[in-house]
Amino acid sequence: MRITTIIILILVIIIIASIVGIIIYVKNKLSKLSNDVFGTSNIIEGFKKQELELSETPKSVSSMDSVLIPKIKKDFPELDINEIKSLAETSLINYFSCLEKKHVTSTTKISNKLNAKINKEIEAISKNDDKIMNMKIHRTVINSYKNNNGACIITFQSSLEYIKKAKKGEKKIQSRYNTNLIYVYDETKVSDEYGVSLNCKNCGAPIKELGVKSCPYCGTGIVITVSKIWKVDDIFEG
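Quick look at the structure, then. (Residues numbered from 1 in each chain as written. Predicted model: local features only at pLDDT ≥ 70, side-chain atom pairs only at ≥ 80, totals over all residues. Heavy atoms only, no water.)

## With respect to helix α4 (residues 81-101)
Argument step 1. End to end, α4 covers 30 Å across 21 residues, agreeing with the expected 30 Å (1.5 Å per residue, within 8%).
Argument step 2. Sitting at the head of α4, Asp80 places a side-chain oxygen 3.0 Å from the backbone nitrogen of Asn82.
Argument step 3. Positive phi appears at Lys102, one or two residues downstream of α4, with a value of about 55 degrees. (Helix = DSSP H or I, 4+ residues; strand = E, 2+ residues; numbered from the N terminus. Expected span 1.5 Å × (residues − 1). Polar contact = N/O pair within 3.5 Å; in protein donor to acceptor, adjacent residues only side chain to side chain.)

And the structure:
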């Protein structure tokens with residue numbers, strides 16, 4: 001009986017020693033991996049360090065400026081690219097201002113679709129008792145340009161950061177947002193909600209062609225005001 005007991009004890013000791021050995025081996029491997037990846041032997045500290053670095057590093061943006069600006073200028077020879085880019089950034093700032101104040105206060109004309117989206121996001125933020133604040137734009141570029149079905153849409157992509165305050169504490173978030181600006185040159189082909197096509201100030205005739213500098217009906221010169229003709233169609237993260 002004593003021999004059997006001794007054998008069992010030896011087996012238990014061997015099993016415990018094996019488990020301890022495996023734990024030490026795994027711990028050493030994780031420490032080495034953490035040291036190689038994060039520069040620290042503590043993997044938890046490594047993940048925290050990586051999270052901190054990500055919160056301080058702006059997101060990259062996909063710039064198509066060099067390719068798309070000539071195409072846009074071909075359709076809109078008089079268009080000031082910096083002015084319309086400023087409109088996109090102002091719209092994005094207004095968007096985050098609405099989230100921060102939890103109320104749609106934007107003075108920029110926005111689509112019904114975007115208005116509904118903002119209200120839905122405000123509802124979610126209010127429900128969770130979260131707070132969005134201190135948004136800052138790092139960089140804005142032109143990401144895409146489409147001209148079809150009576151409308152032109154320029155998509156601006158912005159790298160930005162903001163603070164999200166929740167019950168668990170504050171967190172700085174780096175993100176990437178797209179802002180769609182739409183110019184309607186033939187309102188018969190698009191939704192009635194826009195109603196922003198260009199009309200001659202003299203005779204009221206609709207201007208349904210791009211690049212036109214004078215009214216085809218009365219000859220009056222056409223001046224395109226960016227803030228009045230280009231409207232905010234959508235703003236989304238991505």
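Moving on, there is more to tell.
## Some words on the pairing of strand β4 (residues 231-237)
Argument step 1. Counting buried residues in β4 gives 5 out of 7 residues, a clear majority hidden from the surface.
Argument step 2. The pairing of strand β3 (residues 169-184) with β4 spans 6 bridges and is classified as antiparallel. Looking across to β4, one finds that Thr179 is bridged to Ile235. (Buried < 20%, exposed > 50% of the residue type's maximum accessible area, 1.4 Å probe, protein only. Pairing = 2+ DSSP bridges.)

## Concerning unusual backbone geometry
Argument step 1. Backbone geometry at Lys102 places phi at a positive 55 degrees, although glycine is not the residue there.
Argument step 2. Tracing the backbone through its elements, the reader meets Lys102 in the loop between α4 and α5 (112-127).
Argument step 3. Among the residues examined, Lys102 registers a relative accessible area of 30% and is labelled partly exposed.
Argument step 4. The residue Asp129 is not glycine, and still its phi comes out positive at about 60 degrees.
Argument step 5. By secondary structure assignment, the location of Asp129 is in the loop between α5 and β1 (131-148).
Argument step 6. The class for Asp129 is exposed, based on a relative accessible area of 51%.

All we've got here are geometric facts, nothing functional implied.
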